[in-house]
Amino acid sequence: MGGPCFKVSPAPSLDGSNKASRQKKVLGPACTDNFQIKIFSHQGQDWCSVEQCYQALKFKGDTRETIQKTMPHAGETGSSYGMRVWRLGQIGRNMVLDWEETKVEVMFFANLAKYQCNPELQKELVEETGELELVGGPSTWEWSKWNGLIQMKIRSLVKEGKDLGSVEKISMNELENI
């Protein structure tokens, strides 16, 4: 599921000491939102959002094609459009057989493609999140964890100057150890 990630930073202690005993969460930049409407190409097709791409790639056949052809309505917000394609992904048939084993990797590569096709988003990610930890907003499954880790891994690749199109594989372990 989508929604922007949160930037996490230590919050000042309530007792006035220098100890950071709490964390402060601030809404992250729009580029960290899987629902953001931003055209990109991935696997030879054009997509309107990471969420649309992710939900479509869960399936084979008609369901995949239906989700891929679902476009935002004029004036529709990213949140509304994202929820619309998310719902389609909950009722589809012909799910990819190894989906549970590959879903995090699929989400990573959908996000990576969005950043590769939109260099201004790479700049936004790096400049607006610095070195802060990122966590996803409330979501289904474990996406609060994985969405943040995916964004931080992509940020790290951008900072290294890595050609995003050259990344061919990612493991959950790699994401957890960034």
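Before reading further, recall that the structure is shown in the block above.
To keep things clear, this report deals only with the structure shown in the data block. (Residues numbered from 1 in each chain as written. Predicted model: local features only at pLDDT ≥ 70, side-chain atom pairs only at ≥ 80, totals over all residues. Heavy atoms only, no water.)

### Things to note about the pattern of salt bridges
One pass over the full model with this rule turns up 6 salt bridges. Here arginine 84 ties to glutamate 76 by a salt bridge, and the two come within 2.7 Å at their closest N and O atoms. What makes glutamate 76 buried here is its relative accessible area of 17%. Among the salt bridges present, the one from lysine 159 reaches glutamate 131, with a minimum N-O distance of 2.1 Å. Here lysine 159, found in helix 6 (residues 143-159), pairs with glutamate 131, found in the loop between helix 5 (119-129) and strand 5 (133-135); they are 28 residues apart in sequence, far enough to count as distant. Judged by relative accessible area, lysine 159 falls into the partly exposed class, the value being 39%. (Salt bridge = Lys/Arg side-chain N within 4 Å of Asp/Glu carboxyl O. Buried < 20%, exposed > 50% of the residue type's maximum accessible area, 1.4 Å probe, protein only. Helix = DSSP H or I, 4+ residues; strand = E, 2+ residues; numbered from the N terminus.)

### Some remarks on the sheet that holds strand 1 (residues 6-11)
For sheets, the rule is that strands pair by backbone hydrogen bonds, running either parallel or antiparallel. Taken in spatial order, the 3 strands line up as 2-1-5 in an open sheet, and their pairing is antiparallel. Pairing within the sheet leaves two strands with one partner each, and these edge strands are strand 2 (22-27) and strand 5. Recorded for the sheet is a direction-independent mean angle of 40 degrees between the axes of neighbouring strands. Judged from the 6 bridges that link them, strand 1 and strand 2 form a sheet pairing that is antiparallel. Counted as the bridge partner of valine 8 is lysine 25 from strand 2. (Pairing = 2+ DSSP bridges. Axes fitted to C-alpha atoms, helices over the stretch in contact; angles between N-to-C directions.)

### A few points about the nonpolar core
Nonpolar side chains in soluble globular proteins generally cluster together in the buried interior. Residues Phe108, Leu112, Tyr115, Trp143, Ile150, Ile154 and Leu175 are the most contacted members of the largest nonpolar core, which totals 36 residues. Of all elements in the fold, only helix 1 (50-57), helix 4 (99-117), helix 5 and helix 6 reach the threshold of two or more residues within this core. The element contributing the most residues to this core is helix 4, with 10 residues. Among all residues touching leucine 112, those that are not within four sequence positions of it are Ile154, Leu157, Leu164 and Val167. (Core = buried A, V, L, I, M, F, W, Y, C linked by side-chain atoms within 4.5 Å. Contact = heavy atoms within 4.5 Å.)

### A look at helix 6
Over its 17 residues, helix 6 runs 24 Å from end to end, which matches the ideal 24 Å to within 8%, given 1.5 Å per residue. Counted residue by residue, helix 6 has 13 buried out of 17 residues, so it is predominantly covered. Downstream of helix 6 by a residue or two, glycine 161 has a phi angle that is positive, lying close to 80 degrees. (Expected span 1.5 Å × (residues − 1).)

### With respect to helix 1
Counting buried residues in helix 1 gives 8 out of 8 residues, a clear majority hidden from the surface. Listed in full, the buried residues belonging to helix 1 are Val50, Glu51, Gln52, Cys53, Tyr54, Gln55, Ala56 and Leu57. On its buried face, helix 1 sits against strand 3 (40-42), strand 4 (45-47), helix 2 (62-69), helix 3 (78-91), helix 4 and helix 6.

### Describing the pairing of strand 1
Relative to strand 5, strand 1 runs antiparallel, the two sharing 3 bridges. When the bridges of strand 5 are listed, phenylalanine 6 appears paired with valine 135.

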